[in-house]
Amino acid sequence: MIGTFLLLGLFLCSSTGGEIAMTYGMKATGEPERLRPKELLKFLGRAVCNGWFWVGIPLMAFSFYALLILLSWQPISFVIPASALSNVVGTLGAKYILKEDVNAARWVGVVLVCVGVALVSLDSIPLR
Amino acid sequence: MVLAMVVCANAGDLLLKRGMSTIGAVEFTGSGLAHAFRLTVTNPTIWLGILFLLGFMICYMTVLSWADYSYVMPAGAFGYAVLTFLAVIFLHESVSPRRWVGVILICIGVLLVGQTKPRTTEVVEPQAEKVTA
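Each value, and the rule that gives it
- Residues numbered from 1 in each chain as written.
- Chains lettered and ligands numbered in written order.
- Predicted model: local features only at pLDDT ≥ 70, side-chain atom pairs only at ≥ 80, totals over all residues.
- Heavy atoms only, no water.
- Phe/Tyr/Trp six-rings, centres within 6.5 Å; stacked < 30°, edge-to-face > 60°.
- Lys NZ or Arg CZ within 6 Å of the ring centre and 35° of its normal.
- Buried < 20%, exposed > 50% of the residue type's maximum accessible area, 1.4 Å probe, protein only.
- Helix = DSSP H or I, 4+ residues; strand = E, 2+ residues; numbered from the N terminus.
- Patch = residues over 30% accessible without salt bridge, like charges linked within 9 Å, V, L, I, M, F, W, Y side chains within 5 Å.
- Areas by Shrake-Rupley, 256 points an atom, 1.4 Å probe, with all protein chains shown as cover.
- Salt bridge = Lys/Arg side-chain N within 4 Å of Asp/Glu carboxyl O.
- Axes fitted to C-alpha atoms, helices over the stretch in contact; angles between N-to-C directions.
- Parallel < 35°, antiparallel > 145°, perpendicular 65-115°, else oblique.
- Left-handed = near helix turned anticlockwise from the far one by under 90°.
- Contact = heavy atoms within 4.5 Å.
- Buried area = accessible area lost by both parts, 1.4 Å probe.
- Nonpolar A, V, L, I, M, F, W, Y, C, P; charged D, E, K, R; others polar.
- Expected span 1.5 Å × (residues − 1).
- pLDDT = per-residue confidence, 0-100.
- Core = buried A, V, L, I, M, F, W, Y, C linked by side-chain atoms within 4.5 Å.
- 1 Å grid on protein atoms, 1.4 Å probe; cavity = no way out; pocket = protein on both sides within 12 Å on 5 of 7 lines; lining within 4 Å.
- Points joined across faces, edges and corners; volume = space filled by probe spheres on them.
- Polar contact = N/O pair within 3.5 Å; in protein donor to acceptor, adjacent residues only side chain to side chain.

A.B. asks: Sorry, what's going on with the packing of aromatic side chains here?
C.D. replies: Across all of its chains, the model carries five aromatic pairs over all chains by this definition. Lying over the aromatic face of Tyr96 of chain A, Lys95 of chain A brings its terminal NZ or CZ to 5.7 Å of the ring centre.

Here's what the structure looks like:
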């Protein structure tokens with residue numbers, strides 16, 4: 001069980017770390033000028049040249065495989081609700097690493113989403 | 001764009017699931033994996049699924065470039081609610097009260113987050129990019 005919690009911790013850290021690195025990279029890249037194919041391609045070109053993008057991708061890939069291993073170790077009714085904690089860890093990361101202004105309404109919303117995902121997942125969704 | 005992100009992610013998952021179901025269980029042997037790889041790269045449903053997941057990634061990256069991570073992340077969970085509605089409407093599945101409570105909580109949570117300011121951090125100016133480039 002210690003291994004499960006250790007891997008769950010690694011999953012939460014890598015998933016959040018990857019998405020925070022990706023967010024950091026995208027913020028540094030700047031918005032696409034327009035939502036047209038040419039501008040989006042230019043935007044993607046700028047994004048893949050950003051180092052943070054390449055920090056985020058392996059971390060997200062690691063978190064995906066960590067989730068697969070967790071699913072092979074424990075029942076889905078434990079893994080998916082537990083992985084919903086990434087919403088809370090992600091919000092903490094957004095507040096303290098990305099310096100986003102997370103107000104009370106956003107916190108309440110995140111906690112409700114987290115509990116909601118746990119409740120939905122307890123019925124074991126077949127796809128996600 | 002957030003809605004497109006959620007739709008692309010769910011459609012991609014659904015198509016991958018359907019594509020992999022036609023291939024069958026993958027054997028963890030050298031020849032089994034090679035056979036599964038050949039079947040995967042020649043399956044149009046899987047390619048369509050990959051295309052949708054690519055669409056999800058582009059939408060996700062674009063949304064992150066203009067909105068807070070703590071704003072985008074809970075919105076992604078809206079997919080659970082969409083999946084439940086789709087399952088009820090198209091697959092006529094019965095949904096337990098516990099799952100409905102979960103869906104309602106997700107919707108309220110997403111609405112609450114949606115009412116906050118999408119971006120609370122500084123906007124990167126094009127001039128600043130030129131200086132650092």
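That covers the picture; the talk isn't over yet.
A.B. asks: I'm lost on helix α4 (residues 69-76) of chain B in this one. Help?
C.D. replies: In an α-helix, one turn spans 3.6 residues, which is why side chains three or four residues apart end up on the same side. Burial analysis of α4 of chain B places seven of its eight residues in the buried class, which makes it a mostly covered element. Along α4 of chain B, the positions that sit buried rather than exposed are Tyr69, Ser70, Tyr71, Val72, Met73, Pro74 and Ala75 of chain B.

A.B. asks: Got a minute to help me understand a nonpolar patch on the surface in this structure?
C.D. replies: Together, Phe85, Leu86, Ile89, Phe90 and Leu91 of chain B give the surface a local cluster of nonpolar side chains, amounting to about 530 Å² of exposed area. You can see Phe90 of chain B is positioned in helix α5 (residues 78-90).

A.B. asks: Please clarify how the packing of α5 of chain B against helix α6 (residues 97-114) of chain B should be interpreted in this entry.
C.D. replies: Between two packed helices, the angle of one axis relative to the other and the distance separating the axes together describe the packing. Residue and element names in this part refer to chain B. Where α5 contacts α6, the two axes come as close as 9 Å, and the packing angle between them is 135 degrees. Overall, the two elements α5 and α6 adopt an arrangement that is oblique. At the point where α5 passes α6, the crossing takes the left-handed sense. Facing α5, whose interface residues are Phe78, Tyr80, Ala81, Thr84, Phe85 and Val88, α6 presents Arg99, Trp100, Val103, Ile106, Cys107 and Val110.

A.B. asks: What's the story with the pattern of salt bridges in this structure? I'm lost.
C.D. replies: Think of it this way: side chains of opposite charge can pair up when their charged atoms draw near. In this structure the tally under the stated criterion is two salt bridges over all chains. For Glu31 of chain A, the salt bridge identified is with Arg119 of chain B, shortest N-O distance 3.8 Å. Residue Glu31 of chain A is located in the loop between α1 (2-29) and α2 (37-48), and its partner Arg119 of chain B is located in the loop between α6 and α7 (126-132); the two belong to separate chains. Among the residues examined, Glu31 of chain A registers a relative accessible area of 37% and is labelled partly exposed. Arg106 of chain A is paired through a salt bridge with Asp68 of chain B; the nearest N and O atoms lie 3.0 Å apart. With Arg106 of chain A in helix α6 (residues 104-122) and Asp68 of chain B in the loop between α3 (44-66) and α4, this residue pair bridges two chains. Grouping residues by exposure puts Arg106 of chain A and Asp68 of chain B together as buried.

A.B. asks: Explain the interface of chain A and chain B to me, please; I cannot follow it from the model alone.
C.D. replies: Counting from both sides, the interface comprises 51 residues of chain A and, opposite them, 45 residues of chain B. In total, chain A and chain B occlude about 4000 Å² of area from one another, counting both sides; carbon and sulfur atoms represent 69% of this. Our count for the contact surface shared by chain A and chain B stands at two salt bridges. Partitioning the side of chain A that touches chain B into residue classes produces 29 nonpolar, twelve polar and ten charged.

A.B. asks: Is there a simple way to think about helix α1 (residues 2-23) of chain B in this case?
C.D. replies: Residues and elements named next belong to chain B. The terminal C-alpha atoms of α1, which comprises 22 residues, lie 32 Å apart, in line with the 32 Å expected from a rise of 1.5 Å per residue. Inspection of α1 places Met5, Val6, Cys8, Ala9, Asn10, Ala11, Gly12, Asp13, Leu15, Gly19 and Ile23 among the buried residues, and these make up the whole buried set. Looking at the packing, one finds that the buried side of α1 touches α2 (30-41), α3, α4 and α5. Once α1 ends, the next one or two residues include Gly24, with phi positive near 95 degrees.

A.B. asks: It is not clear to me how the confidence of the model for chain B should be interpreted in this structure. Could you clarify?
C.D. replies: Detailed conclusions should not be drawn from predicted coordinates in areas where pLDDT is low. Residues and elements named next belong to chain B. In the predicted model, chain B carries a mean pLDDT of 82, and the fraction of residues at 70 or more is 91%. Taken element by element, the predicted model of chain B shows its lowest mean pLDDT in α7 (46) and its highest in α3 (91). The low-confidence segment residues 126-133, where pLDDT is below 50, has five contacts with residues more than four positions distant or belonging to other chains. Scoring the predicted complex yields pTM 0.77 and, for the interface, ipTM 0.82.

A.B. asks: Any chance you could explain the nonpolar core here in plain terms?
C.D. replies: Here is a general trend for soluble globular proteins: nonpolar side chains tend to be buried in one another's company. If you look at the biggest cluster of nonpolar residues, it comprises 23 residues, and the most contacted ones within it are Met22 and Met26 of chain A together with Tyr60, Met61, Leu64, Tyr69 and Val72 of chain B. Among the elements of the structure, α1, α2 and α3 (51-73) of chain A together with α3 and α4 of chain B are those that each provide at least two residues to this core. If near-sequence neighbours (up to four positions away) are discounted, Tyr69 of chain B is found in contact with Thr16, Glu19, Ile20, Thr23, Gly90, Ala94, Leu98 and Glu100 of chain A together with Tyr60, Leu64 and Pro74 of chain B. Grouped together as the second largest cluster of nonpolar side chains are twelve residues, Val113 of chain A together with Tyr80, Ala81 and Val110 of chain B included.

A.B. asks: Can you help me understand empty space enclosed by the protein in this one?
C.D. replies: It is the rolling of a water-molecule-sized probe over the atoms that shows where space remains empty. Residues and elements named next belong to chain A. A complete count under the given rule lists one cavity of 30 Å³ or more for this structure. Here the largest cavity defines a volume of roughly 30 Å³. What lines the largest cavity is simply Pro32, Glu33, Glu39, Lys42 and Arg46. For the lining of the largest cavity, the residue count by class is one nonpolar, no polar and four charged.

A.B. asks: Looking at this structure, I do not really get the side chain of Thr29 of chain A. What am I missing?
C.D. replies: Residues and elements named next belong to chain A. For Thr29, the position within the fold is in helix α1. With a relative accessible area of 3%, Thr29 lands in the buried category. A polar contact is formed between the side chain of Thr29 and the backbone oxygen of Gly25, at a distance of 2.7 Å.

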